[in-house]
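Coordinates in review
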Amino acid sequence: MGHFPWVAVVVLLIAIGLGAVGQILIKLGLNRLGEKPPPLKVLRSILTPLVAGGFLCYAVSSLLYLQALSRLPLSYAYPMIAVSYVVVVFLSWRLLGETVNLLRIAGLGIIVVGVVVVAISYGVPLRITPPTPTYSPSVFSRTTTKSMSSGPLSFSGVQTPG
């Protein structure tokens, strides 16, 4: 597999951080509209500096995510985005004064454990290979249908008895 892609992971973490900052900026902008603003007022808030800044953070975050994704497997990069849930809750508590109860903290703890497991999984030699497509004629029609056959699972190139 080669060396660990540190640069791609750092770019991914910056993208995640910018997405979280975008959430906070949007919420700060919406909070300025008052309690239960009418829908048209919410739509117009897109033009306010805080909400526009939040969307700008999203745009830059998306571009950085594309860059990271071009160098990382999707099955590794996408689960890492769950870090943003933890960051947003922390920033919401710290900057917006939102209450965070113990049940929510427990849920965030589970997310952190999952992200850590995904993070350390990079480069681990034990792999389950994806199923290979096979084609077989349908018994009930004159057409050929595609079916997925997993066959025996392969772990690091070792075939298991099927």
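Preceding this paragraph is the structure being described.
Anyway, here's the lowdown on the structure attached to this text. (Residues numbered from 1 in each chain as written. Predicted model: local features only at pLDDT ≥ 70, side-chain atom pairs only at ≥ 80, totals over all residues. Heavy atoms only, no water.)

**Some remarks on helix α1 (residues 6–31)**
Rules: Counting from the N terminus, the helices are the DSSP runs of H or I reaching at least four residues and the strands are the DSSP runs of E reaching at least two. One less than the residue count of a helix, multiplied by 1.5 Å, gives the span that helix is expected to have. We call two residues in contact when some of their heavy atoms are within 4.5 Å.
Its 26 residues place the ends of α1 38 Å apart at the C-alpha level, agreeing with the 38 Å of an ideal helix rising 1.5 Å per residue. Taken together, the buried residues of α1 touch α3 (49–69), α4 (74–80) and α5 (83–96).

**A few points about the packing of α5 against helix α6 (residues 102–120)**
The line we're drawing: Orientation is described by axes fitted as lines to C-alpha atoms, over the contacting stretch for helices, and by angles from 0 to 180 degrees between their N-to-C directions. Crossing chirality is assigned from the near helix's rotation relative to the far helix, an anticlockwise turn below a right angle marking it left-handed and a clockwise turn marking it right-handed.
At their nearest, the axes of α5 and α6 sit 9 Å apart, and the two run at 145° to each other. Note on packing geometry: the crossing formed by α5 with α6 is left-handed. Across the interface between the two elements, V83, Y85, V86 and V89 from α5 touch L108, I111, V112 and V115 from α6.

**Some points on a nonpolar patch on the surface**
Inclusion rule: Patches here are clusters of residues that have more than 30% relative accessible area and form no salt bridge, with a 9 Å joining cutoff for like charges and a 5 Å cutoff for nonpolar side chains (Val, Leu, Ile, Met, Phe, Trp, Tyr). Surface exposure here means Shrake-Rupley accessible area, sampled with a 1.4 Å probe, where a residue is shielded only by the protein chains that are shown. Note on definitions: salt bridges are taken to be side-chain nitrogens of Lys or Arg within 4 Å of carboxyl oxygens of Asp or Glu.
On the surface, L40, L43, I46, L47 and F55 cluster together to form a nonpolar patch covering roughly 550 Å² of accessible area. On the secondary structure map, L40 appears in helix α2 (residues 39–44).

**Some words on α5**
Definition in use: Burial classes: relative accessible area under 20% of the type maximum marks a residue as buried, over 50% as exposed, and values in between as partly exposed (1.4 Å probe, protein chains only). To obtain the arc, one takes the directions from the helix axis to the C-beta atoms.
Under the 1.5 Å per step criterion, the end-to-end length of α5 is 19 Å for 14 residues, consistent within 8% with the ideal 20 Å. Within the sequence span of α5, burial applies to S84, V89, L91 and S92. One side of α5 holds all its buried residues, which, seen down the axis, span an arc of 165°. Directly beyond the C-terminal end of α5, a positive phi value near 70° is found at G97.

**A short note on the nonpolar core**
Our working rule: The term nonpolar core refers to a set of buried residues drawn from Ala, Val, Leu, Ile, Met, Phe, Trp, Tyr and Cys, joined through side-chain atoms within 4.5 Å.
With 16 residues, the main nonpolar core has L12, Y65, A68, L72, Y76, A77 and M80 as its most contacted residues. For this core, the secondary structure elements donating two or more residues are α1, α3, α4 and α6. Looking at this core, the element that brings in the most residues is α1, giving six residues.

**Re the side chain of S45**
Selection criterion: N or O atoms closer than or at 3.5 Å make up a polar contact, with two conditions inside protein: a donor-capable atom paired with an acceptor-capable one, and, for residues adjacent in sequence, both atoms drawn from side chains.
Its location among the elements puts S45 in the loop between α2 and α3. By relative accessible area, S45 is classed as buried at 2%. Of note is the side chain of S45, whose polar atom sits 2.4 Å from the backbone oxygen of V42. Every residue in contact with S45, bar those within four places of it in the chain, is listed here: L30, L33 and V51.

Function cannot be read off these values alone, since they describe shape.
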